[in-house]
Amino acid sequence: MIEGAAVDTRPTKIMYVAEATAHGGRNGYVTSQDGQIELKVAMPPALGGDGNGTNPEQLFAAGYSACFHNALILVGNRSGYDLTGSTVAAKVGIGPNKQRGYGLAVALSVSLPVVDADLAAKLVDAAHEVCPYSNATRGNIEVTIVLG
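Below you will find a few notes about this structure.

About the criteria used
Residues numbered from 1 in each chain as written. Predicted model: local features only at pLDDT ≥ 70, side-chain atom pairs only at ≥ 80, totals over all residues. Heavy atoms only, no water. Helix = DSSP H or I, 4+ residues; strand = E, 2+ residues; numbered from the N terminus. Phe/Tyr/Trp six-rings, centres within 6.5 Å; stacked < 30°, edge-to-face > 60°. Buried < 20%, exposed > 50% of the residue type's maximum accessible area, 1.4 Å probe, protein only. Expected span 1.5 Å × (residues − 1). Contact = heavy atoms within 4.5 Å. Polar contact = N/O pair within 3.5 Å; in protein donor to acceptor, adjacent residues only side chain to side chain. Pairing = 2+ DSSP bridges. Axes fitted to C-alpha atoms, helices over the stretch in contact; angles between N-to-C directions. Core = buried A, V, L, I, M, F, W, Y, C linked by side-chain atoms within 4.5 Å.

Within the chain, Arg 100 stands out as a residue other than glycine whose phi angle is a positive 70°. The topology assignment puts Arg 100 in the loop between strand 4 (87-96) and strand 5 (102-111).

Turning to the packing of aromatic side chains, a few remarks are in order. How two aromatic rings sit relative to each other is given by the distance of their centres and the angle of their planes. One pass over the full model with this rule turns up four aromatic pairs. When the ring of Phe 60 is compared with that of Tyr 133, the centres are 5.6 Å apart and the planes differ by 55°; the resulting orientation is tilted. Taken together, the residues span a long stretch of sequence, with Phe 60 in helix 1 (residues 56-78) and Tyr 133 in helix 3 (residues 132-137) at a distance of 73 residues. With relative accessibility at 23%, the residue Phe 60 sits in the partly exposed group. Overall, the relative accessible area of 28% leaves Tyr 133 in the partly exposed class. Every member of this aromatic cluster is reached through a ring pair, and the members are Phe 60, Tyr 64, Phe 68 and Tyr 133.

Okay, helix 2 (residues 117-130) next. Its 14 residues give helix 2 an end-to-end C-alpha distance of 20 Å, which sits within 8% of 20 Å, the value for a rise of 1.5 Å per residue. For helix 2, the set of buried residues is Leu 119, Ala 120, Leu 123, Val 124, Ala 127 and His 128. Those residues of helix 2 hidden inside the fold are in contact with helix 1, strand 5, helix 3 and strand 6 (142-147). A distance of 3.1 Å separates the backbone nitrogen of Asp 118 from a side-chain oxygen at the start of helix 2, and that oxygen is part of Asp 116.

With that out of the way, let us pick up the sheet that holds strand 5. Reading across the sheet, the three strands line up as 4-5-6 and stay open at both edges, with mixed pairing between neighbours. Lying at the two open borders of the sheet, with one neighbouring strand each, are strand 4 and strand 6. Direction aside, the axes of adjacent strands within the sheet are offset by 15° on average. Helix 2 contacts strand 5 and strand 6 of the sheet and is inclined by roughly 155° relative to strand 6.

A separate point is the nonpolar core. The biggest cluster of nonpolar side chains holds 21 residues, and the ones touching the most others in it are Phe 68, Leu 72, Val 110 and Leu 112. For this core, the secondary structure elements donating two or more residues are helix 1, strand 4, strand 5 and helix 2. In terms of residues, this core owes the most to one element, helix 1, which gives seven residues. The contacts of Val 110, once residues within four sequence positions are left out, are Phe 68, Leu 72, Thr 87, Val 88, Val 124, Ile 145, Val 146, Leu 147 and Gly 148.

It is worth spelling out the side chain of Thr 31 at this point. Locating Thr 31 in the fold gives a position in strand 2 (residues 28-32). Exposure remark for Thr 31: the relative accessible area of 18% places this residue in the buried category. Residues in contact with Thr 31, not counting those within four places in the same chain, are Glu 19, Ala 20, Thr 21, His 23, Ile 37 and Glu 38.

So this is what it looks like as C-alpha cells:
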C-alpha cells in the first residue's frame, strides 16, 4: 500500500440496517423503526437547554463505546484472549469549528485488566482498525484512545 493513501473502509455487503427518526430535533424525541428506542431528546445545560432528556452526543457515545468494545472482544477472541471484565467508556465533545458549524471529538477509555499493557495496546490498535465507528470517524474527527 502507498504511504498516506486512503484506505477504503466502505462495506462490501450491507448485513443490517438500523432505522431511527428524529421528531423536533434537539428538543423533541427519537424513535427506532423496531420500537426499541423511544427517547426524549433535550439540549444539555452546557448548550443552553434544560437537560431533561438524552442528546445526540450521549447516543453517539453509547453507540461508539458498545461498537468499539465489541471490536475489542472480537480481536481478542481471534487472538485467543478472553477479555471478560474489560470495558470501554466514551466521551463525546461538541463545539464550534472553523467553518461556522460544529464538530465532534471523542475520547475512548479502555480497561483491559486481564492482559498486560503491551498486549492491551496491540489489541486496542487492532480493534480501532476493525470498529465501524472508528472507520467512519477516521480522518473526520479527533479520536483519542486511553488505556487505563
